[in-house]
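In case you want the letters, here they are:
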Amino acid sequence: MRIISKLKDYHCNFFEEISEVITSLKEEKDIVWIIDENVYNLYPELPRNKLGSGERVLEIVSDEHLKSFKNIDTLFYTFEVMGVKSTTTVIAVGGGTLQ
């Protein structure tokens with residue numbers, strides 16, 4: 001899906017299988033994964049913060065506190081510490097509040 005924005009257009013893709021996501025990202029150099037802890041434990045094929053892999057993984061407890069804008073600053077701070085830039089590919093894996 002193409003998202004049209006005043007600042008910059010971007011794409012949002014949806015996949016049924018995690019293997020499709022991993023395959024589609026083979027050429028990406030700068031990736032951050034945000035993964036629901038329950039999903040993370042179910043799928044061992046998800047990235048595991050391997051040193052030098054170029055991928056960073058943020059495992060999140062997906063609960064009601066994520067729905068509040070009061071807590072978004074924690075996510076932004078974590079992104080800053082992880083070196084997330086406007087060119088970074090951010091992948092969210094999970095459902096409910098994480099989406």
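Residues numbered from 1 in each chain as written. Predicted model: local features only at pLDDT ≥ 70, side-chain atom pairs only at ≥ 80, totals over all residues. Heavy atoms only, no water.

Some words on the pairing of strand 5 (residues 89-93)
- With burial as the criterion, only one face of strand 5 is covered, namely that bearing T89, I91 and V93; the residues V90 and A92 on the opposite face remain uncovered.
- Taken together, the 5 bridges between strand 3 (residues 31-36) and strand 5 define a ladder with parallel strand orientation. Bridge pairing in strand 5 links I31 to T89. (Buried < 20%, exposed > 50% of the residue type's maximum accessible area, 1.4 Å probe, protein only. Helix = DSSP H or I, 4+ residues; strand = E, 2+ residues; numbered from the N terminus. Pairing = 2+ DSSP bridges.)

Looking at the nonpolar core
- Counting residues in hydrophobic clusters, the biggest one holds 12 residues: I18, V21, L25, I31, W33, I35, V39, Y40, L46, V57, I91 and V93.
- Only helix 1 (18-24), strand 3, helix 2 (37-42) and strand 5 provide two or more residues apiece to this core.
- The element contributing the most residues to this core is strand 3, with 3 residues.
- The next biggest cluster of nonpolar side chains, apart from the first, holds 6 residues, and it includes I34, L58, I60 and F79. (Core = buried A, V, L, I, M, F, W, Y, C linked by side-chain atoms within 4.5 Å.)

Examining the pattern of salt bridges
- Under the criterion given, the structure shown has 2 salt bridges.
- For R2, the salt bridge goes to D9, with nearest N and O atoms at 2.5 Å.
- You can call R2 exposed: its relative accessible area is 54%.
- The partner of R56 in a salt bridge is D30, with the nearest N and O atoms 2.1 Å apart. Residue R56 is found in strand 4 (residues 55-60), and its partner D30 is found in the loop between helix 1 and strand 3; the two are separated by 26 residues along the sequence.
- R56 sits in the buried class, given a relative accessible area of 18%. (Salt bridge = Lys/Arg side-chain N within 4 Å of Asp/Glu carboxyl O.)

What is shown is where atoms sit, not what they do.
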